[in-house]
Each structure stands twice: as C-alpha cells, then as structure tokens.
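What follows is the residue order along each chain.
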Amino acid sequence: MQIGVIGLGRMGGNISRRLVKNSHEVVVYDHDEKAVAALRRDGAKGAGGLDTLVAQLRPPRAVWVMLPAGKITEDAIGELAKLLAAGDVVLDGGNTFWRDDIRRAKMLRERNIHHVDVGTSGGVWGLDRGYCMMIGGDKDVVDRLDPIFSALAPGLGNAPRTPQRDGRDPRAERGYIHAGPNGAGHFVKMVHNGIEYGLMQAYAEGFDILKNANNKTLPEDGRFDLDLADIAEVWRRGSVISSWLLDLTASALAADDKLESFEGVVEDSGEGRWTIMAAIEEAVPADVLSAALYTRFRSRQNHTFAEKILSAMRKGFGDHVEPKAKRP
C-alpha cells in the first residue's frame, strides 16, 4: 500500500522504516533535508514539500502526519486540506488533543476528505517492537487502511493469549484497535499517557524510599545500604510489578546507580493535563494521576532522586532529554 509520511523525528522516521520493511511504498517529507535523505537510503521516496509529496501519491491518497501537537500540526493539516482531493485521508499519529481531532475532522469533511486519529505508543523502540495504536475515525476508512496498521503493530508476540476473548476484535491482540469515531483514538491514548505518569511516579517514589533507607537521621540499626540496580533487576524476574518501564529503570541504574547524568527536571507533554481535565469533566476521582502530574510541575523547582528515576525512564522509552531547570 502507498502512504505519505510527514515528520521524520524520533517516531515518524521509524514508522516510515517499518512500513518500508513490510513492503509498503512510502513517500516522506520533513523540513530537515538530511532526515529525508536518510529515509531515501532506507528505501522510501523523498519529497521536497507537501505539494510534491501529494503529487507522488495515487488517489485515494493517505498521508500520515507525525508532528508535535499544536500549531505545527494545525498548519500541516490545513495545508493538506488545500492539496488533497475527495476520498483522500489524513492520519494524525501525534499526541494531538482529541477535541482538535473532532474539529479538524469536521473541517476536512467539508471537502470530502477523511480524518483518522492514531494514538501511537512505542517510542524510539517501535521500529523493532512495533507500535501499539488506538485509532479513531469512520469504520470503512479505518478498515481500508488496515494493511498499514497491521504492518506497524507488534503482532501477537510472546504475550500469552487472554482467556475468554472468543468473538472479540482480533486486532486488539495484535496491538491495535478501532476505538471509535474521530477523537476516540487520541482520547484513549491520552488516558494511556495519564496512566503512564502514575506508573512512573510509583516506581520513582519507591526507588527514592530505597535510596534513602541509609539516611543518617534513621536509627543506626534501622538503616540499609541497598543496591538499587540489583533490586530493579530482581523485580524484573517473576515479580508482580515487572514491566517495560521497570526494564528501562533497571538498565539506567545498571549504567549509573546514582543517575548522575540526570538532574531530575521532568517535562509533561500535555496528555497528563488533558487526562485530569477529562476526569474533572466526568467527575471521576483521579488522585494518583493528579499527584503524578503535580510532581512533574514541582520537579522544575526542586527535585529528588525520584525525579531522576522519572527522567531516566523518559530517556529510555522516548529519548526525551531533560530541559535545564528554571529557577525562580
């Protein structure tokens, strides 16, 4: 299947490569000409702009936008609306606010262009591991694009089959779902990232408690000098709290058990805030997710070893680099 990809950053580039590896014809564009050249070497076709990308695609066209949420995505989709034709599809795979999906879908529908929102999880590891996708849009359009989603998804892998799933959508087991109409995909991904904040915070606080078990303010016979790297490693083996986030933590601690390369300044990319907004609108208590978000705010003023653990996990799954702390 043929598809255009706009945005060749940490995820867009590897999404393109995974599609090429699975024998899809991929036309790519990025403002960075070196990124386009690198994808050409990997088998994609390059474009010098949105107009030349669209010109290389056969109707009905499909264009995957993989850009940061906000104005840059807004501008790209607005420009595509002028270039595409009836029956074409714009896929937004970034971390867009779900209400923006609904608004943009209405705008594109006036031109008989389809919009599909694809909440995409997998970070910098997706090329090899595949991407978990939560998709919103019209059923017939999503079904037409299934070869793309199937190629990007991780597949059954080594995860054990869940009992009593007979008769349910088999795509979920392969790592992607059609969550619902426009906006539903990014809504589910938003809550996914809110949960991620809470899980990461739980690990971070736990390792901070372990690190401070040797605090001199404690009674001498109640102090423990613990090896955090070994604890993280043993928890990976048969423990009920094992996870990929713990795998990343264990790797970071094995390389540097004091995490001295991290300052502990933790950014948030928007989805945590939007999750709390949704919880407020729905009157759903979200104590853990709220506290995890507020901890990230505090980390930009004062930070502990817990925030270094958070930074290490973010570096591990998404190659996120800490910003410099902004002191008041």
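Residues numbered from 1 in each chain as written. Predicted model: local features only at pLDDT ≥ 70, side-chain atom pairs only at ≥ 80, totals over all residues. Heavy atoms only, no water.

Let us now look at unusual backbone geometry. Note the cis peptide between Pro59 and Pro60, where omega equals -5°. Looking at where Pro60 falls in the secondary structure, it is placed in the loop between helix H3 (50-56) and strand E4 (62-65). A positive phi angle, near 60°, is found at Asn112, a position not held by glycine. Residue Asp319 is not a glycine yet carries a positive backbone phi of 60°. Residue position: Asp319 is located in the segment after helix H15 (305-318). (Helix = DSSP H or I, 4+ residues; strand = E, 2+ residues; numbered from the N terminus.)

What follows concerns the packing of aromatic side chains. Following the criterion strictly, the structure yields seven aromatic pairs and no others. Plain terms: the ring middles of Trp98 and Phe187 are 5.2 Å apart, the flat faces sit at 85° to each other, and that makes the pair edge-to-face. Of this pair, Trp98 sits in helix H5 (residues 98-109) while Phe187 sits in helix H10 (residues 184-211), placing them 89 residues apart in sequence. The exposure class of Phe187 is partly exposed, given its relative accessible area of 24%. With centroids separated by 6.4 Å and ring planes inclined at 40°, the aromatic side chains of Phe149 and Tyr176 adopt a geometry described as tilted. With Phe149 in helix H8 (residues 146-152) and Tyr176 in strand E8 (residues 176-180), the pair connects residues that are 27 residues apart, well separated along the chain. Taking relative accessible area as the criterion, Phe149 reaches 0% and is therefore assigned buried. (Phe/Tyr/Trp six-rings, centres within 6.5 Å; stacked < 30°, edge-to-face > 60°. Buried < 20%, exposed > 50% of the residue type's maximum accessible area, 1.4 Å probe, protein only.)

Okay, helix H13 (residues 271-282) next. Taking 1.5 Å as the rise per residue, H13 with twelve residues should run 16 Å; its terminal C-alpha atoms sit 16 Å apart, in good agreement. When H13 is considered as a whole, its buried residues turn out to be Glu271, Gly272, Trp274, Thr275, Ile276, Ala278 and Ala279. If you follow the buried residues of H13, they end up packed against H10 and helix H14 (287-299). (Expected span 1.5 Å × (residues − 1). Contact = heavy atoms within 4.5 Å.)

What follows concerns a negative patch on the surface. Judged by side-chain charge, Asp225, Asp227, Asp230, Asp257 and Glu260 come together as a negatively charged surface patch. Note that Asp230 resides in helix H11 (residues 228-235). (Patch = residues over 30% accessible without salt bridge, like charges linked within 9 Å, V, L, I, M, F, W, Y side chains within 5 Å. Areas by Shrake-Rupley, 256 points an atom, 1.4 Å probe, with all protein chains shown as cover. Salt bridge = Lys/Arg side-chain N within 4 Å of Asp/Glu carboxyl O. Lys, Arg positive; Asp, Glu negative; His and termini not counted. Charge placed at Lys NZ, Arg CZ, Asp CG, Glu CD.)

In contact at an axis separation of 10 Å, H10 and H11 are set at 135° when each is read in the N-to-C sense. As summarised for this structure, H10 and H11 are arranged oblique, according to the angle between their axes. Taken as a pair, H10 and H11 cross one another with a handedness that is right-handed. Only Leu228, Ile231, Ala232 and Trp235 of H11 make contact with H10, whose side of the interface consists of Phe207, Leu210 and Lys211. Residue composition of the contact of H10 with H11, by class: six nonpolar, no polar and one charged. (Axes fitted to C-alpha atoms, helices over the stretch in contact; angles between N-to-C directions. Parallel < 35°, antiparallel > 145°, perpendicular 65-115°, else oblique. Left-handed = near helix turned anticlockwise from the far one by under 90°. Nonpolar A, V, L, I, M, F, W, Y, C, P; charged D, E, K, R; others polar.)

Strand order in this open sheet of eight strands is E3-E2-E1-E4-E5-E6-E7-E8, and the pairing throughout is mixed. The strands lining the two open edges of the sheet, one partner per strand, are strand E3 (45-46) and E8. Sheet topology places E4 next to strand E5 (residues 89-92); four bridges connect them, and they run parallel. Following the sheet pairing, Val63 is matched in E5 by Val90. In this fold helix H1 (residues 12-21) packs onto strand E1 (2-6), strand E2 (25-29), E4 and strand E6 (114-121), with an angle of close to 160° to the strand it touches most, E2. Across the face of the sheet, H5 comes into contact with E5 and E6 while running at roughly 150° to E6. (Pairing = 2+ DSSP bridges.)

Counting through the fold element by element, Thr249 comes out in helix H12 (residues 244-255). With near-sequence residues (within four places) excluded, Thr249 lies in contact with Phe207, Ile309 and Met313.

Structurally, Asp268 is set in the loop between H12 and H13. Reaching out from Asp268, the side chain makes a polar contact with the side chain of Arg273 at a distance of 2.7 Å. Among the polar contacts made by the side chain of Asp268, one reaches the side chain of Arg300 at a distance of 2.6 Å. Once residues within four sequence positions are removed from consideration, Asp268 is found in contact with Tyr197, Arg273, Leu293, Arg296, Phe297 and Arg300. (Polar contact = N/O pair within 3.5 Å; in protein donor to acceptor, adjacent residues only side chain to side chain.)

The subject of this paragraph is the environment of Gly13. Topologically, Gly13 is positioned in helix H1. Judged by relative accessible area, which is 1%, Gly13 ranks as buried. The spacing of Gly13 and Val28 is 15 residues in sequence and 8.8 Å in space, taken between C-alpha atoms. The residues contacting Gly13, other than those within four sequence positions of it, are Gly7, Leu8 and Leu39.

For the rest of this paragraph, the subject is the pattern of salt bridges. Under the criterion given, the structure shown has 22 salt bridges. Taking the shortest distance from any N to any O, the salt bridge between Arg58 and Glu25 comes out at 3.3 Å. With Arg58 in the loop between H3 and E4 and Glu25 in strand E2, this pair connects stretches of sequence that are 33 residues apart. Assessed through its relative accessible area of 23%, Glu25 is described here as partly exposed. A salt bridge links Arg103 to Asp100; the nearest nitrogen and oxygen atoms lie 3.3 Å apart. One end of the pair, Arg103, and the other, Asp100, are both in helix H5, three residues apart, so they sit about a helical turn from each other. One network of salt bridges, in which partners are shared, links Glu74, Asp92, Asp100, Arg103 and Arg104.

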